[in-house]
Amino acid sequence: MKAVIFDLDGVIADTARFHFVAWQQLATELGITIDGQFNEQLKGISRTESLARILAHGGKTGLYSQVQLDQFAERKNDNYLQLISRLDANDILPGIVAFLDEIAAAGLSVALASASRNGPFILSKLGLSERFDTIVDPAQLAAGKPAPDIYLTAAAQLNVAPSDCVGVEDALAGVEAINAAKMVSIAVGDETELAPANHIFASTAGLKLATVKSVWEAAQL
Ligand code: G16
Ligand code: MG
């Protein structure tokens, strides 16, 4: 095991709830209701694809021009940026700094594989930018999660073979992306929802490098 590749929203910081509120604000303007259960389908999914799913959910697919769709996506992002404007190191999820310390002490490489175009901005607000050797630009990818592209690109940017990487995710689409990249998948969250992962921690507070290493080793057999 040579590298750990992280998702951002819901793993490094609790920004998933801000994405949800920002989408809810836009959906309400469009006369669409979204609840927490529907929101699970948006985790790890790009801004454009999330908008398409919300419109489909509200029975409004095909009603708007591309210009309008772009405006909706921009409006959601404005809502989101407003919600995260006061983000700081206190918003780093429990256990993450300790886990990053263990990873650094073990000499492993670290990458960010977030679908968010706001990833670099958020890392800098959290004061974590220097902890990451590389960040994948999601705008350059042909396919978003659950496709493996973002994880494979992270491994390539680190110059590490995918089989020597583990990925850490909070969403099913992300776990599927890691598995499709033939990496070892570590999930944080609900056991039933994230069942395809190689290992599931109930929360980020439980993340331990020793456990992750033994999961990786077991997967080599
Ligand atoms: C995140 C969130 C998604 C969000 C996506 C794009 O992915 O989970 O809800 O739609 O990024 O974010 P943005 O609109 O900021 O570009 P991840 O992969 O970090 O969980
Ligand atoms: Mg996530």
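Please read these numbers as outputs of a predicted model, since none were measured by experiment.

Visitor: I keep staring at the site of ligand 1 and nothing clicks. Help me out?
Guide: R47, S114, A115, S116 and R117 are the nearest of the 21 residues found near ligand 1. A breakdown of the residues in the shell around ligand 1 according to their chemical character gives 6 nonpolar, 10 polar and 5 charged. Mapped onto the domain boundaries, the shell around ligand 1 takes at least three residues apiece from domain 1 (3–13 + 88–219) and domain 2 (16–84).

Visitor: Explanation requested: the sheet that holds strand β5 (residues 184–188) in the structure shown.
Guide: As a general point, the strands of a sheet are linked pairwise by backbone hydrogen bonds and lie either parallel or antiparallel. Strand order across the open sheet formed by 6 strands is β3-β2-β1-β4-β5-β6, with parallel pairing between neighbours. Of all the strands in the sheet, the pair left with one neighbour each is β3 (134–135) and β6 (199–201). As paired strands, strand β1 (residues 3–6) and strand β4 (residues 165–169) are joined by 4 bridges and run parallel to one another. The partner of A3 across the bridge, within β4, is C165.

Visitor: I'm lost on the packing of helix α3 (residues 47–57) against helix α4 (residues 66–83) in this one. Help?
Guide: A pair of packed helices is characterised by two quantities: the angle between their axes and the separation of those axes. Where α3 contacts α4, the two axes come as close as 10 Å, and the packing angle between them is 110°. The angle between α3 and α4 places the two elements in the roughly perpendicular class. For the pair formed by α3 and α4, the contact residues are R47, T48 and L51 on the first element and L69, F72, A73, K76 and N77 on the second. Counted by class, the contact of α3 with α4 contains 4 nonpolar, 2 polar and 2 charged residues.

Rules used in this analysis
- Residues numbered from 1 in each chain as written.
- Chains lettered and ligands numbered in written order.
- Predicted model: local features only at pLDDT ≥ 70, side-chain atom pairs only at ≥ 80, totals over all residues.
- Near = placed C-beta within 6 Å.
- Nonpolar A, V, L, I, M, F, W, Y, C, P; charged D, E, K, R; others polar.
- Domains from an automatic or database assignment.
- Pairing = 2+ DSSP bridges.
- Helix = DSSP H or I, 4+ residues; strand = E, 2+ residues; numbered from the N terminus.
- Axes fitted to C-alpha atoms, helices over the stretch in contact; angles between N-to-C directions.
- Parallel < 35°, antiparallel > 145°, perpendicular 65-115°, else oblique.
- Contact = placed C-beta atoms within 7 Å.

Bear in mind that shape data such as this cannot, by itself, settle questions of function.
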